[in-house]
Amino acid sequence: IMNTWHLISSLFLSTFFCITLSSCALTPHISTNPVEKSWQKKNILVIGHRGASGYRPEHTIESYALAIEMGADYIEPDLVMTKDGVLIARHENEISETTDAEIKFPKRKRTKMIDGLSVTGWFTEDLTLKEIKTLKAHERLSSRGQAFNVQFQIPTFAEILAFVQKKNKETNRVIGIYPEVKHPAYFSSIGLALEPALAKELKRVGLNKLEDPVIIQSFELASLRNLKSLVDCKLVYLLDENVRVSASELKDWSTFLYGIGPYKRLIIPAGPNGELLPATSLVSDAHKVGLKVHPYTFRSDAQYLAKEYKGDPLAEYRQFYALGVDGVFSDFPDQAVQARD
Ligand code: G3P
Ligand code: CA
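Thresholds, definitions, all that
- Residues numbered from 1 in each chain as written.
- Chains lettered and ligands numbered in written order.
- Predicted model: local features only at pLDDT ≥ 70, side-chain atom pairs only at ≥ 80, totals over all residues.
- Heavy atoms only, no water.
- Helix = DSSP H or I, 4+ residues; strand = E, 2+ residues; numbered from the N terminus.
- Buried < 20%, exposed > 50% of the residue type's maximum accessible area, 1.4 Å probe, protein only.
- Areas by Shrake-Rupley, 256 points an atom, 1.4 Å probe, with all protein chains shown as cover.
- Contact = heavy atoms within 4.5 Å.
- Donors = N, O, S within 2.8 Å, 3.2 Å for Na, K, Ca; no water.
- Tetrahedral: all angles 85-135°; square planar, octahedral: opposite > 155°, others 65-115°.
- Near = heavy atom within 4 Å.
- Polar contact = N/O pair within 3.5 Å; in protein donor to acceptor, adjacent residues only side chain to side chain.
- 1 Å grid on protein atoms, 1.4 Å probe; cavity = no way out; pocket = protein on both sides within 12 Å on 5 of 7 lines; lining within 4 Å.
- Sits in = over half its atoms within 2 Å of the grid points.
- Nonpolar A, V, L, I, M, F, W, Y, C, P; charged D, E, K, R; others polar.
- Salt bridge = Lys/Arg side-chain N within 4 Å of Asp/Glu carboxyl O.
- Pairing = 2+ DSSP bridges.
- pLDDT = per-residue confidence, 0-100.

Chemist: I'd like a description of the overall build of the protein, backed by residues and values.
Modeler: Within the protein, the regular secondary structure consists of 12 helices and 13 strands. Looking at the 341 residues of the protein, the share that counts as buried comes to 53%. When the accessible surface of the protein is summed, it comes to about 15,600 Å², and 57% of that surface belongs to carbon and sulfur atoms.

Chemist: Could you give an account of the environment of V174, naming the residues involved and the relevant values?
Modeler: With respect to the helices and strands, V174 occurs in the loop between α5 (157-171) and β7 (176-177). Overall, the relative accessible area of 66% leaves V174 in the exposed class. Those residues in contact with V174 that lie beyond four places of it in its chain are D73, N168 and P213.

Chemist: Provide a residue-level description of helix α7 (residues 194-204), including the pertinent values.
Modeler: Every buried residue of α7 is listed here: L194, E195, A197, L198, A199, E201 and L202. Residue G206 follows α7 closely and has a positive phi angle near 70°.

Chemist: Requested: an account of the coordination of the calcium ion (ligand 2), with residues and values cited.
Modeler: At 2.1 to 2.4 Å from the calcium ion (ligand 2) lie its protein donor atoms, namely E76 (OE), D78 (OD) and E180 (OE). In this structure, the calcium ion (ligand 2) is surrounded by 6 donor atoms whose angles at the metal cover 58 to 161°, and the resulting shape is irregular. Read in sequence order, the donor residues for the calcium ion (ligand 2) give the motif E-x1-D-x101-E. With a gap of 104 residues between them, E76 in strand β2 (residues 74-76) and E180 in strand β8 (residues 180-181) connect regions that are remote in the sequence.

Chemist: Requested: an account of the site of ligand 1, with residues and values cited.
Modeler: Taken together, the neighbourhood of ligand 1 is formed by H49, R50, E76, D78, H91, E180, K182, Q217, F219, L238, Y296 and F329. The contact in question runs from an oxygen atom of ligand 1 to an N or O atom on the side chain of K182, over 2.7 Å. Contact between ligand 1 and Q217: an oxygen atom at 2.5 Å from a side-chain N or O atom of the residue. In isolation ligand 1 offers 280 Å² of accessible surface; the protein chains occlude 91% of this area. Judged by the fraction of its atoms near the pocket grid, ligand 1 is located in the largest pocket. Grouping the amino acids of the shell around ligand 1 by side-chain chemistry returns 4 nonpolar, 3 polar and 5 charged.

Chemist: Quick one: what's the story with the pattern of salt bridges, residue by residue and with numbers?
Modeler: Going through the model one piece at a time under the given rule, you end up with 24 salt bridges. Among the salt bridges present, the one from E58 reaches R50, with a minimum N-O distance of 3.0 Å. Here E58 matches R50 in class, with each residue buried. Between K112 and D126 there is a salt bridge, and its shortest N-O distance comes to 3.0 Å.

Chemist: Pulling in residues and values, what's your account of the sheet that holds β7?
Modeler: Ordered by their spatial adjacency, 4 strands build an open sheet running β7-β2-β1-β13, and the pairing between neighbours is parallel. Here the strands that pair on one side only, and so sit at the sheet edges, are β7 and β13 (327-330).

Chemist: Describe the confidence of the model for the protein, naming the residues involved and giving the relevant values.
Modeler: Per-residue confidence for the protein gives a mean pLDDT of 91; residues scoring 70 or more make up 88%. Mean pLDDT values for the elements of the protein range from 37 in helix α1 (residues 2-26) up to 99 in strand β4 (residues 87-89). Counted against residues more than four places away or in other chains, residues 1-34, with its pLDDT under 50, gives 30 contacts.

Structure representation (structure tokens):
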């Protein structure tokens, strides 16, 4: 009787699981069904994107602290360099969108070619760390809260490492660090290579081994290959919206990468009017060759959330979790955790 019961229940469960997965690829929805929630048994990483940047000015210790408090497994510093060769956390080397550089250094405005684009503004590589430390961060997006503007400093990577180590001790957790090297070819071309500086910092604090809670990411494969020769850390290749990935490329990348970080529309594409389309096979294709998949960027703001989710950001997380992703970069890590747990 028990064997018959097990057979019937497993047939029912596997049939239901297939139907649930294929329908959820088409229509996001929330379900409390225990089968659909099978992703909860997996270690899906919540990566605090630029900290908890939905709530605090990005790339500040205060933003990382909030992400950790909200349960993020990893925090994500984007890294650029100062004139005197110090790694600091900024999303780009032109910093007028996220700091008061324009007010503090009115005469330091420049125009440069960065990765084939003409960019005008204030650049980290033109300022010493002492000068950078006089700046204060502000919110990038006018649609987000401005209450914390011009209060927080720009942190160095060394300060971020020390902060995370302190938090690990305080909370008895293992909080990971997921640094991204920004414009690495450009920085190398001006004599401020990011990769050896990053490797040196990680080695200094003993976080340069494969098993350490560190994942390094880049949009530039050459930079990742360079990093592979400098550290044993896990490496993730970021894929932007224009990338079309072949099976042979995935196979090639799997020989030295831990995973890929695709723009989320490479997994659930959108049509010309922003409408969501059926999921691609990217997650399973990557898994077939042993690569993890950490899509970016999950944002709860009304202007970024697809209308199919009906104003519920958790529905988007649940859809991606059910598709088998191994982690998500989120500006709102509390909601990524809530949807998972
Ligand atoms: O690193 C993942 C994601 O952050 C990539 O996009 O532009 O926000 O750094 P970006
Ligand atoms: Ca990033």
